[in-house]
Amino acid sequence: PYQYADMVEYFISKYPYMDETTISIHAHNDQGCAVAASEMALLAGAERVEGTLFGHGERTGNLDIAVLALNLHCRGISTGLDFSHMDHIVDIVEASSGIEVHPRHPYAGQLVFTAFSGSHQDAIRKGMEVRGKAAEAFKQGWKVPYLHIDPEDLGRSYEKLIRINSQSGKGGVVYVLERDFGIYPPKRM
C-alpha cells in the first residue's frame, strides 16, 4: 500500500496537467491489500476509486467498495454511499452473482457484529454501557471496543452482539442474562 501511494504521489507531483486530470485508482486484491492500497492512494492525492461490491472480480477480487467506504465513514469521512440497508444489498449481490458473502466479511457478514470470545464480549458489554461518555471523550459519534461502526448505520440491531459458545466467558453470560432475561446478577456472582 505504501509503495502504491508513493507512486500516486510521485506521479501527481511530476505531472503538469493535474488541473485537467482526475486520478482514478483500480486496485486488485491479489495480495490482500486492495483496501489499504486504495486508502493510502486517496491520502496521496487520488480522487476516485474503482472497485466492486464485496470485492467480486478477477482472480482474488477487486477493491471492496463497501469496506473502503465504511472504513472512511468510521473516520467521519462521507463518501455519499448509503449502506443503511446492508442486508438488502447483500441479498441483491448474492442473488445476482451466485456468490455468497462470507459470514465474517467486514461490515456485510452476518457475524460482523457478533462476539464469541469472553474478553471481546466483556469489552463490548462495558463499552456499550458507556458509549455516550466514550463518544464524548473521543470526540466521535461512536466508540465501542471491537465494533468499529454502529450496527444501526447498516440497518442492523444490537440483538446478536454477544452469543454464548465454548469461547464465552462470564461477561458474555452476564450480558445475555441482562439483555434477554432482565436478570442482573451481583458482580461477585
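Anything mentioned here points back to the structure above.
Owing to the predicted nature of the structure, the values given are computational and were not obtained by experimental measurement.

Trainee: Would you mind going over the overall build of the protein in detail, with residue names and values included?
Mentor: The helix and strand tally for the protein stands at 7 helices and 2 strands. Written out in order from the N terminus, the α and β elements of the protein read α-β-α-β-α-α-α-α-α. By principal-axis analysis of the C-alpha atoms, the protein measures approximately 70 × 40 × 25 Å. For the protein, buried positions account for 37% of its 189 residues. In the protein, once contacts between residues fewer than 6 apart in sequence are set aside, the share between residues at least 24 apart is 54%. About 11900 Å² of surface is accessible on the protein, with carbon and sulfur atoms providing 54% of the total.

Trainee: An account of the nonpolar core is requested, with residue identities and associated values reported.
Mentor: Within the largest apolar cluster, 34 residues are counted, with the highest numbers of intra-cluster contacts made by Phe54, Phe83, Met86, Met128, Leu147, Leu154 and Leu161. Listed by contribution, the elements that provide at least two residues to this core are helix H2 (34-43), helix H3 (65-74), helix H4 (86-97), helix H5 (118-129) and helix H7 (170-181). The biggest single contributor to this core is H3, with 7 residues. Excluding residues within four positions of it along the chain, Met86 makes contact with Phe54, Leu70, Tyr107, Ala108, Leu154 and Arg156. Ala5, Val8, Ile23 and Ala44 belong to the second-largest nonpolar core, a separate cluster that totals 7 residues.

Trainee: Requested: an account of the pattern of salt bridges, with residues and values cited.
Mentor: As enumerated under the stated definition, the model contains 6 salt bridges in all. Across the pair Asp122 and Arg125 runs a salt bridge whose closest N-O atoms are separated by 3.1 Å. In this pair, Asp122 and Arg125 both sit in helix H5, 3 residues apart, roughly one turn of the helix. For Arg125, a relative accessible area of 14% puts it in the buried group. A salt bridge links Lys126 to Asp122, with the nearest nitrogen and oxygen atoms 2.9 Å apart. Of this pair, Lys126 and Asp122 both sit in helix H5, 4 residues apart, which is roughly one turn of the helix. On the basis of relative accessibility, which here comes to 41%, the residue Lys126 falls in the partly exposed class.

Trainee: So what about the packing of aromatic side chains? Which residues, and what values?
Mentor: Under the definition given, this model contains 2 aromatic pairs. Seen from their ring centres, Phe11 and Tyr15 are 4.8 Å apart, and the 20° between their planes marks the pair as stacked. Classification of Tyr15 as partly exposed rests on a relative accessible area of 29%. When the ring of Tyr15 is compared with that of Tyr17, the centres are 5.6 Å apart and the planes differ by 75°; the resulting orientation is edge-to-face. An aromatic cluster is present here, built from Phe11, Tyr15 and Tyr17 joined pairwise through their rings. The aromatic ring of Phe138 is capped on one face by Lys143, whose charged end is 5.1 Å from the ring centroid.

Trainee: Describe in detail the environment of Phe54, supporting the description with residues and values.
Mentor: Relative to the elements of secondary structure, Phe54 occurs in the loop between strand S2 (48-50) and H3. For the pair Phe54 and Ile23, spaced 31 residues apart in sequence, the C-alpha to C-alpha distance is 23 Å. Apart from the residues within four sequence positions on either side, Phe54 is in contact with Asp64, Ala66, Met86, Ile89, Val90, Val93, Val101, His105 and Ala108.

Cut-off values and rules
Residues numbered from 1 in each chain as written. Predicted model: local features only at pLDDT ≥ 70, side-chain atom pairs only at ≥ 80, totals over all residues. Heavy atoms only, no water. Helix = DSSP H or I, 4+ residues; strand = E, 2+ residues; numbered from the N terminus. Buried < 20%, exposed > 50% of the residue type's maximum accessible area, 1.4 Å probe, protein only. Contact = heavy atoms within 4.5 Å. Areas by Shrake-Rupley, 256 points an atom, 1.4 Å probe, with all protein chains shown as cover. Core = buried A, V, L, I, M, F, W, Y, C linked by side-chain atoms within 4.5 Å. Salt bridge = Lys/Arg side-chain N within 4 Å of Asp/Glu carboxyl O. Phe/Tyr/Trp six-rings, centres within 6.5 Å; stacked < 30°, edge-to-face > 60°. Lys NZ or Arg CZ within 6 Å of the ring centre and 35° of its normal.

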